[in-house]
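The residues making up each chain are set out below.
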There are 4 protein chains.
Amino acid sequence: MIIVMKAGAAKKDMDEVLRCIKDLGYMAHVIHGTTRDVIGAIGDERGKSALQALETLHGVENIVPILQPYKLASLEVKKEASVIRISDDVAIGGTQVVIMAGPCSVESEEQIIASAVAVKKAGAHILRGGAFKPRTSPYSFQGLEEEGLKLLAKARDLTGLPFVTEVINPETAEMVAEYADILQIGARNSQNFALLKKVGQLRKPVLLKRGMAMTIQELLMSAEYIISEGNQSVILCERGIRTFETATRNTLDLSAIPVLKGKTHLPVVIDPSHGTGNHHYVAPMSYAAVAAGADGLIVEVHPDPEHASSDGAQSLKPDKFDIMMQKLRLFTEADGRTL
Amino acid sequence: MIIVMKAGAAKKDMDEVLRCIKDLGYMAHVIHGTTRDVIGAIGDERGKSALQALETLHGVENIVPILQPYKLASLEVKKEASVIRISDDVAIGGTQVVIMAGPCSVESEEQIIASAVAVKKAGAHILRGGAFKPRTSPYSFQGLEEEGLKLLAKARDLTGLPFVTEVINPETAEMVAEYADILQIGARNSQNFALLKKVGQLRKPVLLKRGMAMTIQELLMSAEYIISEGNQSVILCERGIRTFETATRNTLDLSAIPVLKGKTHLPVVIDPSHGTGNHHYVAPMSYAAVAAGADGLIVEVHPDPEHASSDGAQSLKPDKFDIMMQKLRLFTEADGRTL
Amino acid sequence: MIIVMKAGAAKKDMDEVLRCIKDLGYMAHVIHGTTRDVIGAIGDERGKSALQALETLHGVENIVPILQPYKLASLEVKKEASVIRISDDVAIGGTQVVIMAGPCSVESEEQIIASAVAVKKAGAHILRGGAFKPRTSPYSFQGLEEEGLKLLAKARDLTGLPFVTEVINPETAEMVAEYADILQIGARNSQNFALLKKVGQLRKPVLLKRGMAMTIQELLMSAEYIISEGNQSVILCERGIRTFETATRNTLDLSAIPVLKGKTHLPVVIDPSHGTGNHHYVAPMSYAAVAAGADGLIVEVHPDPEHASSDGAQSLKPDKFDIMMQKLRLFTEADGRTL
Amino acid sequence: MIIVMKAGAAKKDMDEVLRCIKDLGYMAHVIHGTTRDVIGAIGDERGKSALQALETLHGVENIVPILQPYKLASLEVKKEASVIRISDDVAIGGTQVVIMAGPCSVESEEQIIASAVAVKKAGAHILRGGAFKPRTSPYSFQGLEEEGLKLLAKARDLTGLPFVTEVINPETAEMVAEYADILQIGARNSQNFALLKKVGQLRKPVLLKRGMAMTIQELLMSAEYIISEGNQSVILCERGIRTFETATRNTLDLSAIPVLKGKTHLPVVIDPSHGTGNHHYVAPMSYAAVAAGADGLIVEVHPDPEHASSDGAQSLKPDKFDIMMQKLRLFTEADGRTL
């Protein structure tokens, strides 16, 4: 932490700040500047009382953090990229670009089987589908719950595709983990710390979505929650942040890919469906994500989007998804990776 | 819903849209415009499949929703303001401006008793204090949990102040409700629908904080979750939204007060401490909130903020809180209300 | 500036950074931390090459600015509040809360005279009205230009109210200054530096609006442009920033008032009309602004808003403005000021 | 426009709204819904008084615009993509991906010549460099002005590269146009309508940058200003929008590419340097932009970024730019285009 003193702060104010810094277990180091003094507080900030509170002291102008607050998720602790194995054939974080595809919600056996068969045919590696749905409205379809998990498992048996599905409540997390290959934490639960701790205690890979107003640093802190409970298999997912722009449902922040690659060893996947909210924009944003270095994609595909229970407007039809996969292959190869 | 067709859309595209609208249970009404046609889809959208998915149909330019998606929280269903009784002396939503004050976290018996005595002396009506703390970092203080609830109850016994405290997990919600007078849903759990449903089933008033990237409409949808489970005692709380501005921790959106007063019967309180993140700005924003018509405030007050376990930088010392309350009284009276 | 080195940065990288810091005219001061080193670069950053560019050097993690980049606008240079005299009766920045009111655009002699008479009767101190209109669409009404200025002058002659009007082009700035009492720089021109320099060379007070995506620090930098050209009479105006919320046209950032009061000697006024975009919200936001310590308001009032050439939806009718002024008086008195 | 009436609005309120709609020159069409009525107002909204002002009428809940407010920039008026010729060899908007590269500011003859030679060697098509610099601080380097334009012309003579440079003031626009091949409108001037009109009257292509808080619709409106003055050669440029995220200087909105391609015939280029503010992120975002369908890039390259007068932190060194161009070629070919 750097504590910036006000111009002309009194010596007794400075002394009080220095005393507090030591009280809290840090070493203080003063730099006398031309218009004001700044103090470096040396010591690991993790697990200690926040120096931020020193802002209430007299003579302090502001406090500037220096260290990143996460550790286990950082490249400093683990320098090589984490490769997270999902099945014999599929691992996320290596040279294979991994595609997860399927409908927003599991609606029926027929629908999920048709989806699984179609996305597999087009080359997807993992099936996606929601059984527990966090919906903005209490009057919207809330998912088939355990019945949906069983249908996903049936689709897996049939196609061999592992599946990712969302977990929304600590009380049902273990049950979901009995069925699913990857546990998804949705954007609205990205700082539901009770849920993060719970999936940290389970032994299944976690796909952690970035919240709509979450900084990249906070995303890594949420990953840190999961890892610090013992589960190191965390896949980060950018799915659009909330901005003033209304032409897209969210603003897909693809620069998060190189930013994260410079800070963490965890793999990064992109959700172009929620990220844009419009099926017309899914293919170009998928190409862009792979070109920017994403480790994978999670894409909504629905056999009959105009009758989907949720998110129809952003779902691709299977034929469009198939065309997209063919072109995606070219970009993947241009990047020296495989699809 | 209004479905806007593309300029020059083919007749068969229009026919397909009309067919789908009827399939989904709505009546269609076409308006032929000068450059394009628009279709009004008539019927209550709540509980039905979303017309939004029609955006995937050929010839459709976009879909514009017309109805508000909430009902029980709206002024259309209940025209008079809801007054939520907390104790014999305190009710929120009437002519009394209600002040909730206390530390961010319960840290010790001494600290919470000192806080309660101080805020009562200054004129506060309700004690606030966190026993379960949702912290961005897994390494930060996570609260005293049930021990904290017991200390809050002790402070209530001593001072007569009811207390509000946060609930962060459906699994511990009932336990918190046995102690607390008001259950707080924090900003990061504002769309944790499992938790919203849980507190909707309890019989304690709920203070629902607006999420950092939550629209006012979404705040009302989260209230709708609670009310639709049977609990009508919901108090809405604006606590700052996330914007590009970094001079304050969040941007306190005081215009949410008149906006909400025009849409809902539920009371609205303001949190100027989290809303600004800086104790210097708490008093002016408190005066502004009352002048704009807020039903109450929730303010962080700590006897020793520079050693607080959390949020010290935004906590008022008791003497500053006392001065603020005196001036606040003048603004309350100017508004024809009491403090 | 604080230069943060990467953990484990090589000694030769550090040496290169130190060399560059000295080259650029600063003194370097190294602090050895537990996981990494940080370097304080001492010296006034204003007018020198940016140290920010050192981020491209090997081994540098990031650069953290410490000093505020403005000077003439700051409280450090001038500690007492600036009071800007507009006429014999009106000064902004003192104990008088100053109200500027009138239509968005000057449309006709009849309209501007009726507006001036009405706002004066209700107690406003300054007339507002646009003659040059910066409109998002080239097809919208662009203002009466010099004819509008003449009508504003006529309204001033009749009522004694000084007037504020917008200047949008360096080429016509002098002409506007011959008529107007205050020159307004609109939100969209808040970083039009050619225009800022031009009004800095004129001898009329300037009302500088904050841009929609402008930080408070950038607003002060734009004020610094005007002052550094010789014109110290700058009035800052918060008029809403752009956020994700769509219930209001912009999000009125009232916390800018105490933030600015802690950084600058310049007066601060609030525009609740553009800030909310809805006439229903103008009165409560006006009360809030005064309670938070604003030095004045600029409010749109139109005798016939449903036929206004621009911004009708956010304009008050004269009778509503009159009622608002009466209640505003009570809040002003509660604050120990006069209206 | 769609006018949504309040639930239970009185018949006389509806009649008054219908009367106003006709007064303003539109046809009204009423749809009776289940809970409220909505009125379609038929007629071209461009050039007429805004129906938005009807929101002040009694009984009106809100007003929903239907038509896009731009025309000349839209695909409805011109269906095929515009290809803007810059020189015999270079045209923007066709199958060639066009790269503009060079330093932020022209600093000296040596620097601009070295930059031009280097970017040409790496395969760039157009030189960029600022002679008039819009700087946030009045104390920062403001550019070499006309001397800078002469140096750019000298670099063009030497290398054959056309150049793009910024115009910041209507008063000097013609002079800049005498030298430059493309006139750049910077982000901070993107709604400086006096300047937009001026460059609309000149006969040079315009590179129009999106403002930091500008919606895509507003960007097209600013293009409409230029086109409506007679200059159809407008190139749109996404350069990052302002959001809450601070890990990058701005948030580069690559989804603007497919959104714009669905609305306008104008070419779209991306600025990954300002868009991210960090040279590490420039290459991946460049690959992503081309994969998403951008017609070109504008990239900052500086021979000695750590001593640059401006924007050093986001500038590539020539060797890094060269490597990037090689990989970019692969993505361009994967997309079936040429570099």
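From a predicted model like this one, the values you see are computed outputs, not experimental measurements.

A few words on the overall build of chain A. Scanning chain A from N- to C-terminus turns up ten helices and 14 strands. For chain A, the C-alpha atoms occupy an extent of roughly 75 × 45 × 40 Å along the three principal directions. Considering only contacts within chain A whose residues lie at least 6 apart along the sequence, 66% involve residues at least 24 apart.

On to the relation of the copies chain C and chain D. Note on the identical chains: chain C maps onto chain D by a rotation of 180 degrees and an axial translation of 0.0 Å, with an RMSD of 0.0 Å. Here the transformation between the copies is reduced to the relation of a two-fold axis. Taking C-alpha positions as reference, the residue of chain C nearest the rotation axis is A213 of chain C, located at 2.7 Å. In this assembly the copies share their binding face: 100% of the residues contributing to the interface of chain C also contribute to that of chain D.

The subject of this paragraph is the interface of chain C and chain B. With 33 residues of chain C in contact, the opposing surface of chain B contributes 33 residues. Of the residues contributing to the side of chain C that touches chain B, the split by class is 20 nonpolar, eleven polar and two charged.

With that settled, consider the sheet that holds strand β1 (residues 2-5) of chain C. Residue and element names in this part refer to chain C. If you walk across this open sheet you meet the four strands as β2-β3-β1-β4, and the pairing is antiparallel. Edge positions in the open sheet fall to β2 (27-32) and β4 (60-64), since each of these has one partner strand only. With direction set aside, neighbouring strand axes in the sheet form an average angle of 20 degrees. In terms of strand pairing, β1 meets β4 through four bridges, oriented antiparallel.

Turning next to the sheet that holds strand β7 (residues 98-102) of chain B. Residues and elements named next belong to chain B. Spatially, eight strands are ordered β7-β8-β9-β10-β11-β12-β13-β14 in a closed barrel, and the strand pairing comes out parallel. Each neighbouring strand pair of the sheet contributes to a mean axis angle of 25 degrees, computed without reference to strand direction. Where strand β11 (residues 206-209) lies against strand β12 (residues 234-238), four bridges are found, and the strand directions are parallel. Bridging from a neighbouring strand, L208 pairs with L236 of β12.

On to helix α6 (residues 216-228) of chain B. Residue and element names in this part refer to chain B. Across its 13 residues, α6 extends 18 Å between first and last C-alpha, which sits within 8% of the 18 Å expected from 1.5 Å per residue. With ten of 13 residues buried, α6 lies mostly within the body of the structure. Those residues of α6 not exposed but buried are I216, L219, L220, M221, S222, A223, E224, Y225, I226 and I227.

This part is about the packing of helix α10 (residues 318-334) of chain B against helix α10 (residues 318-334) of chain C. At a minimum axis distance of 9 Å, the contact between α10 of chain B and α10 of chain C shows a crossing angle of 165 degrees. In terms of their interaxial angle, α10 of chain B and α10 of chain C are classed as roughly antiparallel. When the axes of α10 of chain B and α10 of chain C are compared, the crossing they make is right-handed. Across the interface between the two elements, L330, F331 and A334 of chain B of α10 of chain B pack against L330, F331 and A334 of chain C of α10 of chain C.

Residue and element names in this part refer to chain A. The alternating pattern of strand β11 (residues 206-209) places V206 and L208 on one face and L207 and K209 on the opposite face, and all of these are buried. The handedness of the strand β10 (residues 182-185) to β11 crossover, carried by helix α5 (residues 193-201), is right-handed. Note that the unit made of β11, helix α6 (residues 216-228) and strand β12 (residues 234-238) has a crossover that is right-handed.

Turning our eyes to something else, we now look at helix α5 (residues 193-201) of chain D. Of all nine residues making up α5 of chain D, seven are buried, and the element is well covered by its neighbours. Listed as buried for α5 of chain D are F193, A194, L195, L196, K198, V199 and G200 of chain D.

What follows deals with unusual backbone geometry. Even without glycine at this site, E145 of chain A takes up a positive phi of about 55 degrees. By secondary structure assignment, the location of E145 of chain A is in the loop between β8 (126-128) and α3 (146-159).

Another aspect to go through is the interface of chain C and chain D. Taken together, the contact between chain C and chain D spans 43 residues of the former and 44 residues of the latter. Listed by contribution, the elements that provide at least two residues to the side of chain C that touches chain D are α4 (170-179), α5 (193-201) and α6 (216-228) of chain C. Of all the elements, α6 of chain C adds the most residues to the side of chain C that touches chain D, at five residues.

The next thing to look at is the environment of V176 of chain C. Residue and element names in this part refer to chain C. Counting through the fold element by element, V176 comes out in helix α4. Residue classification places V176 among the buried positions, given that 24 C-beta atoms sit within 10 Å. Taking C-alpha positions, V176 is 9.3 Å from F132, a pair spaced 44 residues apart along the chain. Once residues within four sequence positions are removed from consideration, V176 is found in contact with L149, T165, V167 and L183.

All names here are of chain B. Considering the arrangement of structural elements, one finds M5 in strand β1 (residues 2-5). Judged by the 22 C-beta atoms lying within 10 Å of it, M5 falls in the buried class. With 111 residues separating them along the chain, M5 and A116 place their C-alpha atoms 61 Å apart. When near neighbours in sequence (up to four residues on either side) are disregarded, M5 contacts M14, R36, D37, V38, G59, V60 and E61.

Here chain A averages 93 in pLDDT, and 98% of its residues register 70 or above. As a predicted assembly, this complex carries a pTM of 0.94 together with an ipTM value of 0.94.

Residues and elements named next belong to chain B. Here M1 lies in the segment before β1. Classification of M1 as buried rests on a count of 20 C-beta atoms within 10 Å. Separated by 39 residues in the primary sequence, M1 and G40 have C-alpha atoms spaced 6.1 Å apart.

Residues and elements named next belong to chain B. It is at 7 Å that the axes of helix α5 (residues 193-201) and α6 come closest, and there the two elements cross at 40 degrees. In terms of their interaxial angle, α5 and α6 are classed as oblique. Our pair here, α5 against α6, has a crossing hand that is right-handed. Note on element contacts: α6 touches α5 through S222, Y225, I226 and S228, opposite F193, L196, K197, V199 and G200.

So, how was this worked out
- Residues numbered from 1 in each chain as written.
- Chains lettered and ligands numbered in written order.
- Predicted model: local features only at pLDDT ≥ 70, side-chain atom pairs only at ≥ 80, totals over all residues.
- Helix = DSSP H or I, 4+ residues; strand = E, 2+ residues; numbered from the N terminus.
- Contact = placed C-beta atoms within 7 Å.
- Least-squares fit on C-alpha atoms with pLDDT ≥ 70 in both.
- Nonpolar A, V, L, I, M, F, W, Y, C, P; charged D, E, K, R; others polar.
- Pairing = 2+ DSSP bridges.
- Axes fitted to C-alpha atoms, helices over the stretch in contact; angles between N-to-C directions.
- Expected span 1.5 Å × (residues − 1).
- Buried ≥ 20, exposed ≤ 12 C-beta atoms within 10 Å, placed from the backbone.
- Parallel < 35°, antiparallel > 145°, perpendicular 65-115°, else oblique.
- Left-handed = near helix turned anticlockwise from the far one by under 90°.
- Right-handed = clockwise from strand over helix to strand, strands pointing away.
- pLDDT = per-residue confidence, 0-100.

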